[in-house]
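This is what each chain is made of:
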Amino acid sequence: MGDYAGYVIAAYAVTFGGIAALIAWTVLDRVGARRALGRAERAASRAGDAAAGNARDAA
Amino acid sequence: MSTTLRTDLVRPSIINPGRFGALVDRYMPFLAALTALAFAVGLYLALWASPEDYQQGATVRIMYVHVPAAWLALFTYMVMASAALGTLVWRHPLADVAGKTAAPIGAVFTAISLASGSIWGKPMWGAWWVWDARLTSMLILLFMYLGLIALWRAIDDPGRAARVTGIATLVGVINIPIIKFSVDWWNTLHQGASVMRFDGPTIHPSMLVPLLVMALAFMLLFATVHLSAMRTELIRRRARTVRLRTARGTR
Amino acid sequence: MSLLALYVRDVRLAWAAGGGGPVGVIFYLAVTAVAPFAVGPDLPLLTRIGPALLWIAVLLALLLGLERLFQADQEDGTLDLLRLGDTPLELVVLMKAAAHWTAAALPLLAATPFAALLLNLDGAAILVTLATFLVGTPALALVGAVGAAVAVSLRRAGVLIAILVLPLSVPVVIFGVSAIEAAGAGRAVGPSLALLGAVTLVAAVVAPLAAAAALRESE
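Rules used throughout
Residues numbered from 1 in each chain as written. Chains lettered and ligands numbered in written order. Predicted model: local features only at pLDDT ≥ 70, side-chain atom pairs only at ≥ 80, totals over all residues. Heavy atoms only, no water. Contact = heavy atoms within 4.5 Å. Buried area = accessible area lost by both parts, 1.4 Å probe. Salt bridge = Lys/Arg side-chain N within 4 Å of Asp/Glu carboxyl O. Polar contact = N/O pair within 3.5 Å; in protein donor to acceptor, adjacent residues only side chain to side chain. Nonpolar A, V, L, I, M, F, W, Y, C, P; charged D, E, K, R; others polar. Core = buried A, V, L, I, M, F, W, Y, C linked by side-chain atoms within 4.5 Å. Buried < 20%, exposed > 50% of the residue type's maximum accessible area, 1.4 Å probe, protein only. Helix = DSSP H or I, 4+ residues; strand = E, 2+ residues; numbered from the N terminus.

Chemist: I keep staring at the interface of chain A and chain B and nothing clicks. Help me out?
Modeler: It is common to give the size of an interface as the accessible area lost on bringing the parts into contact. Counting residues at the interface gives 28 residues for chain A and 42 residues for chain B. Taking both partners together, chain A and chain B bury about 3000 Å²; carbon and sulfur atoms supply 77% of that area. Taken as a group, Y7(A), Y12(A) and L22(A) account for 21% of the area that chain A buries against chain B, more than any other trio of residues on that side. There are one salt bridge connecting chain A and chain B. Measuring nitrogen to oxygen at the nearest pair gives 2.8 Å for the salt bridge that ties R236(B) to D29(A). Counting the contacts that link chain A with chain B gives four residue pairs in polar contact (both at pLDDT 80 or more). Of the residues that constitute the side of chain A that touches chain B, the class distribution is 20 nonpolar, four polar and four charged.

Here's what the structure looks like:
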């Protein structure tokens, strides 16, 4: 590629580095969202159990 | 509440968030594979199977990533503007999600086009940055993306965030042509050294094919990442709803 | 509340609160006075870049009061009354932007001759600069009103408004400064000034619509 090889390689590295960061963000964000949903659902079922327990005690 | 339920039953279309999630989950692997394939073909054509330019030498190969990234940077803004219309006119929740998740992707494409353009400019212009009309417009576009992302994160309620940011996005759509025109005008006033035109209409077919394949690959990448990010945002919203319901229930 | 009463009230409040006119003028002069320390006391250079420095100083000074443009009314409930009132919200926004311009931009225009003397501008350059300010600052006030309306319900919205507004201010700065440069080079000022006026007119149509829509969403 002659004298300009460095520039071409740098441009492709920057581009695909950006694309890799985008894909990494997508994957990590999905993992984080799934965890957040799991936490929320566990908390909801605990709260549901507690509410059921309270209802039983009251009865 | 009952009316929304009924419309969902009557129209179980792709714009129903639940159906959308299932469809995305099913077709995501194919879309990702197609994207990878397009990039493989595009890279082969761009780096091996295309000629060097008689003036610019090997640096013309930078065009095959720089120009598609710039196209996608503008295209993403148009997607955001359409989503803003969907939010403001039809009040569709999926449009909210589409607009929110497109902004970071557009910012990344804009940044890629700026960085690769700057690297291309160094051997061509002799400087990393030249106040060329295209580069300058792109820089302003990047600031607009970042401002919209900041606005989106600043408002807590997702529905209101979508509507307010949608208005700001549409103001940006009106402004982009004005900015482009003013920057072009400013550039012709200050034309010092000979400014090179990179991608004119007279491009040889041997360079056009790799360019179009790369553009297709970038387009597929956008679709893959955007649909996946929309799915993620829907999961986040469900988590939010569950949290809010739990908080109300225990109180 | 009639529109005229709203205008008078807003101008008076902006001056009384201390955030508007007087403080803005001091800020404007201070920014202008700092510039020679940065570029050196080179009078020919200052003459050349002076109008551009003044435009940047005006741009920054007009950002100062934006945060409170709608926020004060949002907090004390005035905005709810305006939303429910008979007057279209678009006209209310237009009036409030006009009041902001009167309270914040007009004093800057009055102070411009003094700031221009610091930068070694001659009479003709001062006049052209004032003309561009007169045509261009309404557009800045209107674009600023959109930023203020979008961020009305946010705490510490100042920097966010600046980030949103500055990209939209680029055409105003370009046409304003290019008119001054044309005058300096002996070319016709008309085209740049006409384009600047066109930007202001577009802003006068689009900004009230957008800002009113944003205010309706932020109840």
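Additional details are given in the paragraphs that follow.
Chemist: Would you explain the nonpolar core in this entry?
Modeler: In this structure, L151(B), Y28(C) and F70(C) are the most contacted members of the largest nonpolar core, which totals 135 residues. At 13 residues, helix α7 (residues 123-150) of chain C tops the list of elements feeding residues into this core. The next biggest cluster of nonpolar side chains, apart from the first, holds nine residues, and it includes F20(B), V24(B), V97(B) and L234(B).

Chemist: What is the right way to read the pattern of salt bridges from this model?
Modeler: Pairing is possible between side chains that carry opposite charge, provided their charged atoms lie close to one another. A full pass over the atoms with the stated rule returns 13 salt bridges over all chains. As a salt-bridge pair, R231(B) and D25(B) come within 2.9 Å of each other at their nearest N and O atoms. Residue R231(B) is located in helix α7 (residues 205-250), and its partner D25(B) is located in helix α2 (residues 17-47); the two are separated by 206 residues in the primary sequence. Under the relative-accessibility criterion, R231(B) is labelled buried at 12%. Residue class for D25(B) comes out partly exposed when judged on its relative accessible area of 37%. Through salt bridges with shared partners, a single ionic network connects R9(C), D10(C), D73(C) and K96(C).

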